[in-house]
Amino acid sequence: MTNFEAFDYDVLVIGAGGAGLRAAIEASAAGVKVGLICKSLLGKAHTVMAEGGVAAALANVDDRDSWKVHFADTMRGGQYVNNWRMAELHAREAPDRVRELEAWGAVFDRTQDGRILQRNFGGHRYPRLAHVGDRTGLELIRTLQDQGVHRGLDVHMEFTVVSLLISDGRATGVVGYERERGRFKVFSAAAVVLATGGTGRAYKITSNSWEGTGDGHALAYRAGAELMDMEFIQFHPTGMIWPPSVQGILVTEGVRGEGGILLNREGRRFMFDDIPEPYRTQTADNEEEGWRYTQGDKSARRPPELLTRDHVARCIVREVKAGRGSPHGGVFLDIAWIKNRLSGAEAHIKRKLPSMYHQFKELGDIDITREPMEVGPTTHYIMGGIRVDADSQMSTIPGLFAAGECAAGINGANRLGGNSLSDLLVFGKRAGEYAAQFARQNPRRGVDTAQVQRAIDEALQPFDRSASSENPYTVQAALQEMMQSLVGIVRTEGEMQQALEELTRLTARAARAGITGHREYNPGWHTAIDLKNLLTVSEAITRSALERKESRGGHFRDDFPDKNPEYAAFNIVTVQRPDGTMEVRRVPLPPMPAELQQIIEDQKS
Amino acid sequence: MTRATFKVWRSDDAGGHYQDYSVDVVPGMVVLDAIHQIQAAQAPDLAVRWNCKAGKCGSCSAEINGNPRLMCMTRLNSLDLLAPVTVEPMRAFPLLKDLVTDVSWNFRVKKAITPFTARPADAPDGTWRMRQKDVDRVQEFRKCIECFLCQDVCHILRDHKMHDEFIGPRFLAYTAALEMNPLDAADRVPELRERHGVGLCNITRCCTKVCPEHITITENAIIPLKERVVDRFYDPLTRLLRVFKS
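All residue numbers refer to position in the chain's written sequence, counted from 1. Labels are handed out in written order, letters beginning with A for the chains and numbers beginning with 1 for the ligands. For a predicted model such as this one, the threshold for reporting local features is a pLDDT of at least 70, and the threshold for listing and counting side-chain atom pairs is 80 or more; totals across whole chains, interfaces and linings nevertheless cover every residue. The side-chain quantities take in all heavy atoms of the structure and omit both hydrogens and water.

## Structural notes on the overall build of chain A
For step 1, the next point in the chain: Of regular secondary structure, chain A possesses 16 helices and 18 strands.
For step 2, the next point in the chain: Relative accessibility decides the category of a residue: with a 1.4 Å probe and only protein chains considered, values under 20% of the type maximum give buried, values over 50% give exposed, and everything between is partly exposed. Put simply, chain A has 605 residues, and 67% of those count as buried.
For step 3, the next point in the chain: In what follows, residue pairs with any heavy atoms lying within 4.5 Å of each other are defined as contacts. Expressed as a percentage of contacts within chain A between residues at least 6 apart in sequence, the contacts between residues at least 24 apart total 74%.
For step 4, the next point in the chain: Computed with a 1.4 Å probe, the accessible areas rest on the Shrake-Rupley method; for each residue, only the protein chains presented here act as cover. Summed over all atoms, the accessible surface of chain A reaches about 19,400 Å², with 47% contributed by carbon and sulfur.
For step 5, the next point in the chain: All tallies of charge rest on Lys and Arg as positive and Asp and Glu as negative; His and the ends of each chain are not included. Just so you know, the charge point we use is NZ for Lys, CZ for Arg, CG for Asp and CD for Glu. With 73 positive and 79 negative side-chain charges, chain A shows a spacing of 1 Å between the two charge centroids. The secondary structure listing takes helices from DSSP runs of H or I that are at least 4 residues long and strands from runs of E that are at least 2 residues long, numbered from the N terminus.

What follows is the structure, encoded as structure tokens:
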């Protein structure tokens, strides 16, 4: 038996980004003993990268906004395959969650009369994003981090979870190791909350940090939980594409919200060329009107640059494929042009988009107040995730909860910008609340030591492999390359079948991945462990995408380019069969109550 | 394409040594790209922290050619590649392995600072009113990404190891953000003087110079805090008043 240190909690939260911190704070406020685990140092989670803002119908800037409009916008953005109950809860509760942050010390930008300022973003009908310049995510995570620390949260930093423990169909804890010394720890808990974020590292060009390896998705799947909507991946239209070393790093949608325009190499503002039918009545048909919208004119309609992310990403791909792209294979995003419209534009840009200015100046040697940026689509967010109950966030495994990006439902086929930060707050809180309730009603059980030993043995396998084994970094890079080219922005049946075959080969290579050195802070070992999770989520993405023979939201099939109403009736779910293979199911969407349907109809005009 | 040599600090039983690695350099590369190349092809167990690779998370702090910098924000074309580029861990914190240091002291320090405490709401709906002008001042400090480079370079911590008496520039800026927050109702002036050692700072501005977020830590945070302490505890008029009161 390998030695390990044991810990007991009522509620154990895996992941310390926005959702995990908010869940831990809530569970702790409910009076139960809470443990929090994170893979990096506290406060470094991917939430820090969120720039634009947090969507909440505070109606501070435009009093026509309300939870109903936010709900309708979210459902339309998600192409109506969202979990309507989650979309409703999210729209109703986001304003309170934002005001609560202010009460905990967050400092948002202000309106003239001193309230929280809100900005425009794609797919949102009215200015709705509460923000702090373009570093809203940092403000959010720092506020939650400090609130949590002062509440006495027990945080285990730089810790990797390798397995969920399940007994009699219930979650009983986790096994993992601390990265610093490589020592194993076993956590027993009455309820476990997964808040592990996304899966972007399955792709070569991504805005995600090294941590986005789908750990929660894969842990839950292997424990028997269901994954849903895994085909829906958001390719953010504007990632940096030059220089190559920064490829994929995000350029906030805030740039377009503040008046930035997209141009092809001919200098044409191509977004006016293709405005989808459902958005036509709400989209400006000329540059003048679009500009007035970005400057707060309530009578103006939004510019086409602020259409949903999937649409903008595909328009960029179209321009590049037609040979009208920028020198490095993207298009131009120009905010400098506003100097033609605005006196003091340079200072204005630096004040509204400080970290973008900073990022391009220091990484690309480009002054965005003077010249355009070169941008292209980057893998940004997965709408799919662990299937959960809308109200409680409990998965199909009792005692196992999920919140934030690793949970599915609220975003449907495509997420609106700003809805992830509000998702974290609303459903992080709910997960913490219901996990605490579950823990009080269902006392902790002991963990199964045989399960623990199996998990530890498996985690240590890479050390036993010979020097002639595969390098985990090489296998990871091959996987990223393969997913990028075969299951990327534009998908076809043949390529995805080929991807499945590649996945079989890559899985075999990953099983041979060996490492050098010892267990102390060994990134090669960590990569070998992450690889297993990446392979699981890549398979779920590919199989779900094969099943959805239509194009909807973030999922675009070249062989089925249109939406098929038949596919609006169900979600696609993947689950592990007893023999270890992956089963794909169609699960009907629950019928929407008449009053919510009416809200959607009312907002269509 | 050119090749460059990186002298990277590696831990060993004797404590550590510099190891030379040769790396292909392409335009636009930053130091972190070189470290990743070394890790992927030559030294899979090379320990390094990083997350965002865009200067927003503050994980990849190191000393590059002796200067405290973020590896992700140091472009290779800003360095002389004819000479080897030295990459070593921050020196003010205990070494864990290779480029990774134990920064847990910083997390403990923050816990000891009186937390944000909101004053009563301004409006019946429980919300507050603030002017952007007042918010701007606080937001400068809230840009901090907690890379701890200011702590690393501060001679009170780095050379004099006064970690028990001095919270360092990061947490003085943190305290300033709380003290200057228009909503905050707590008083941190006594603890600044008695436990947090604001008087120890002798304003060499090293922290401000290395801050990757360009926060004017010295002038905008530390000096105003020193003034608050002086006004409260050393102003002759206040002292006289205190004598009368007691």
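Here the narrative resumes, following the displayed structure.
## Focus on the sheet that holds strand β5 (residues 129–130) of chain A
Residue and element names in this part refer to chain A.
For step 1, the next point in the chain: For two strands to be treated as a pair, DSSP must find at least two bridges joining them. Strand order across the open sheet formed by three strands is β3-β5-β4, with antiparallel pairing between neighbours. Because the sheet does not close on itself, it has two edges, and the strands there are β3 (54–55) and β4 (118–119).
For step 2, the next point in the chain: Pairing of β3 with β5 involves two bridges; the strand directions are antiparallel. Bridged to A55 within β5 is L129.

## Thoughts on the layout of surface pockets
For step 1, the next point in the chain: Computed over the protein atoms alone on a 1 Å grid, cavities are sets of points where a 1.4 Å probe fits but cannot get out and pockets are open sets with protein on both sides within 12 Å along at least five of seven lines; a residue lines them when it has an atom within 4 Å of a point. Grid points are joined across faces, edges and corners, and a volume is the space filled by probe spheres set on the points. Reported here for the largest pocket is a volume of approximately 1,400 Å³.
For step 2, the next point in the chain: What lines the largest pocket is a set of 45 residues, among which R201 and Q480 of chain A together with H36, W50 and K53 of chain B lie closest to the centre.
For step 3, the next point in the chain: Only α13 (472–486) and α15 (523–547) of chain A together with α1 (31–41) of chain B provide two or more residues apiece to the lining of the largest pocket.
For step 4, the next point in the chain: For the lining of the largest pocket, the leading source of residues is α13 of chain A, giving six residues.
For step 5, the next point in the chain: Considering only residue class, the lining of the largest pocket consists of 18 nonpolar, 17 polar and 10 charged.
For step 6, the next point in the chain: Computed from the structure, the second largest pocket encloses a volume of approximately 1,200 Å³.
For step 7, the next point in the chain: Taken together, 45 residues line the second largest pocket, and the ones lying closest to its centre are D109, G133, R351 and K352 of chain A together with Q132 of chain B. Residue classes follow a fixed rule: Ala, Val, Leu, Ile, Met, Phe, Trp, Tyr, Cys and Pro count as nonpolar, while Asp, Glu, Lys and Arg count as charged, and any other residue, Gly among them, counts as polar.

## Examining the pairing of strand β14 (residues 373–382) of chain A
Residues and elements named next belong to chain A.
For step 1, the next point in the chain: Most of β14 sits out of view: 10 of its 10 residues are buried.
For step 2, the next point in the chain: Judged from the six bridges that link them, strand β11 (residues 233–240) and β14 form a sheet pairing that is antiparallel. Opposite G239, over in β14, you have G376 as the bridge partner.
For step 3, the next point in the chain: Sheet topology note: the strand β13 (residues 331–334)/β14 ladder contains three bridges and is antiparallel.

## Focus on the confidence of the model for chain B
For step 1, the next point in the chain: pLDDT is a per-residue confidence score from the predictor, ranging from 0 to 100. Of all residues in chain B, 99% have pLDDT values of 70 or greater, and the mean over the chain is 94.
For step 2, the next point in the chain: With a pTM of 0.94, the predicted complex shows an ipTM of 0.94.

## Considering the sheet that holds strand β5 (residues 85–88) of chain B
Residues and elements named next belong to chain B.
For step 1, the next point in the chain: Read from one edge to the other, the open sheet built from five strands follows the order β2-β1-β5-β3-β4, with strand pairing classed as mixed. Of all strands in the sheet, those with a lone pairing partner are β2 (17–25) and β4 (67–70), marking the two edges. Strand after strand, the sheet turns through a mean of 35° between neighbouring axes, direction not considered.
For step 2, the next point in the chain: With two bridges connecting them, strand β3 (residues 61–64) and β5 associate as antiparallel partners. Each bridged residue has a counterpart across the sheet, and for E63 the counterpart in β5 is E88. Lines fitted to the C-alpha atoms define the axes, with helices restricted to the stretch that makes contact. Angles between their N-to-C directions range from 0 to 180 degrees.

## Re the pattern of salt bridges
Residue and element names in this part refer to chain A.
For step 1, the next point in the chain: A carboxyl oxygen of Asp or Glu within 4 Å of a side-chain nitrogen of Lys or Arg is what we treat as a salt bridge. Going through the model one piece at a time under the given rule, you end up with 84 salt bridges over all chains.
For step 2, the next point in the chain: Salt-bridge contacts for R85 lead to D391; the nearest nitrogen and oxygen are separated by 2.7 Å. Placement of the pair is R85 in helix α3 (residues 84–103) and D391 in the loop between β15 (385–386) and β16 (400–402), with a sequence separation of 306 residues.
For step 3, the next point in the chain: Accessibility expressed as a relative area gives 24% for D391, which makes it partly exposed.
For step 4, the next point in the chain: For the salt bridge of E102 with R110, the shortest nitrogen-to-oxygen distance reads 2.8 Å.
For step 5, the next point in the chain: Because the salt bridges share partners, they merge into one network encompassing R22, E26, R97, E100, K429 and E433.

## Thoughts on the side chain of E139 of chain A
For step 1, the next point in the chain: Residue placement: E139 of chain A occurs in helix α4 (residues 136–150).
For step 2, the next point in the chain: Within 3.5 Å is the distance limit for a polar contact, defined as a pair of N or O atoms, with the added protein rule that one can donate a hydrogen and the other accept it, and that residues adjacent in sequence qualify only through two side-chain atoms. Within the structure, the side chain of E139 of chain A is placed 3.0 Å from the side chain of R135 of chain A, a separation counted as a polar contact.

## What about the packing of helix α9 (residues 217–233) of chain B against helix α10 (residues 236–245) of chain B?
Residue and element names in this part refer to chain B.
For step 1, the next point in the chain: Across the interface, α9 lies against α10 with an axial gap of 6 Å and an inter-helix angle of 40°. Looking at the two axes, α9 sits oblique to α10. Facing D231, R232 and F233 of α9, the residues of α10 in contact are T238, R239 and R242.
For step 2, the next point in the chain: Class assignment of the residues belonging to the contact of α9 with α10 gives a composition of one nonpolar, one polar and four charged. We call two directions roughly parallel when the angle between them is under 35 degrees, roughly antiparallel when it is over 145, roughly perpendicular when it lies between 65 and 115, and oblique otherwise.

## A closer look at the nonpolar core
Where a protein is soluble and globular, its nonpolar side chains tend to be buried together.
For step 1, the next point in the chain: Of all hydrophobic cores here, the largest spans 229 residues; its most connected members are V11 of chain A together with F6, I35 and M71 of chain B.
For step 2, the next point in the chain: A per-element tally of this core places helix α11 (residues 419–441) of chain A first, with 10 residues.
For step 3, the next point in the chain: Setting aside its immediate chain neighbours within four residues, V11 of chain A contacts A27, V32, K33, V34, G35, A191, V193, A435, A436 and A439 of chain A.
For step 4, the next point in the chain: As used in this record, nonpolar core signifies buried Ala, Val, Leu, Ile, Met, Phe, Trp, Tyr and Cys residues forming a set joined through side-chain atoms within 4.5 Å. Core analysis: the second largest hydrophobic core is formed by 14 residues, V175, V452, L460 and I529 of chain A among them.

## Structural notes on the packing of aromatic side chains
For step 1, the next point in the chain: Only Phe, Tyr and Trp rings are paired, with Trp represented by its six-membered ring, and only when their centres lie within 6.5 Å; those with planes under 30 degrees apart are stacked, over 60 edge-to-face, the remainder tilted. For the structure on display, the rule yields 16 aromatic pairs over all chains.
For step 2, the next point in the chain: Aromatic pair F159 of chain A and F187 of chain A: ring centres 5.3 Å apart, planes at 90°, arrangement edge-to-face. Of the two residues, F159 of chain A is situated in strand β7 (residues 159–167) and F187 of chain A in strand β9 (residues 184–194); the sequence distance between them amounts to 28 residues.
For step 3, the next point in the chain: A centroid spacing of 6.2 Å and a plane angle of 80° characterise the contact between F107 of chain B and F148 of chain B, whose relative ring orientation is edge-to-face.

## Comments concerning the interface of chain B and chain A
For step 1, the next point in the chain: Taken residue by residue, the interface counts 57 residues in chain B and 60 residues in chain A.
For step 2, the next point in the chain: Defined here as a combined quantity, buried area equals the accessible surface (1.4 Å probe) lost by two parts on assembly, summed across both. A combined buried area of about 4,900 Å² lies between chain B and chain A, and 55% of that area is made up of carbon and sulfur atoms.
For step 3, the next point in the chain: Looking only at chain B, the three residues that lose the most surface to chain A are N51, K56 and R142 of chain B, adding up to 14% of its buried area.
For step 4, the next point in the chain: For the pair chain B and chain A, the number of links is six salt bridges.
For step 5, the next point in the chain: K56 of chain B is the partner of E51 of chain A in a salt bridge, and the nearest nitrogen-oxygen pair spans 3.3 Å.
For step 6, the next point in the chain: At the surface where chain B touches chain A, the tally comes to 31 residue pairs in polar contact (both at pLDDT 80 or more).
For step 7, the next point in the chain: Secondary-structure elements contributing two or more residues to the side of chain B that touches chain A are α1, β6 (95–97), α2 (104–111) and α3 (132–142) of chain B.
For step 8, the next point in the chain: Take the side of chain B that touches chain A: its biggest share by element is five residues, from α3 of chain B.

## Things to note about α3 of chain B
Along an α-helix, residues three or four positions apart point the same way, because every turn accommodates 3.6 residues.
For step 1, the next point in the chain: Listing the buried residues of α3 of chain B in full gives V135, V138, Q139, E140, F141 and R142 of chain B.
For step 2, the next point in the chain: Buried positions along α3 of chain B lie against α4 of chain A together with α6 (168–179) and α9 of chain B.

## Re the pairing of β2 of chain B
Residues and elements named next belong to chain B.
For step 1, the next point in the chain: Across nine bridges, strand β1 (residues 2–10) lies against β2 in antiparallel orientation. Within β2, the position partnered with K7 by the bridge is D20.
For step 2, the next point in the chain: Linking β1 to β2, which pair antiparallel, is a turn of six residues; within it G15 sits at a positive phi near 120°.

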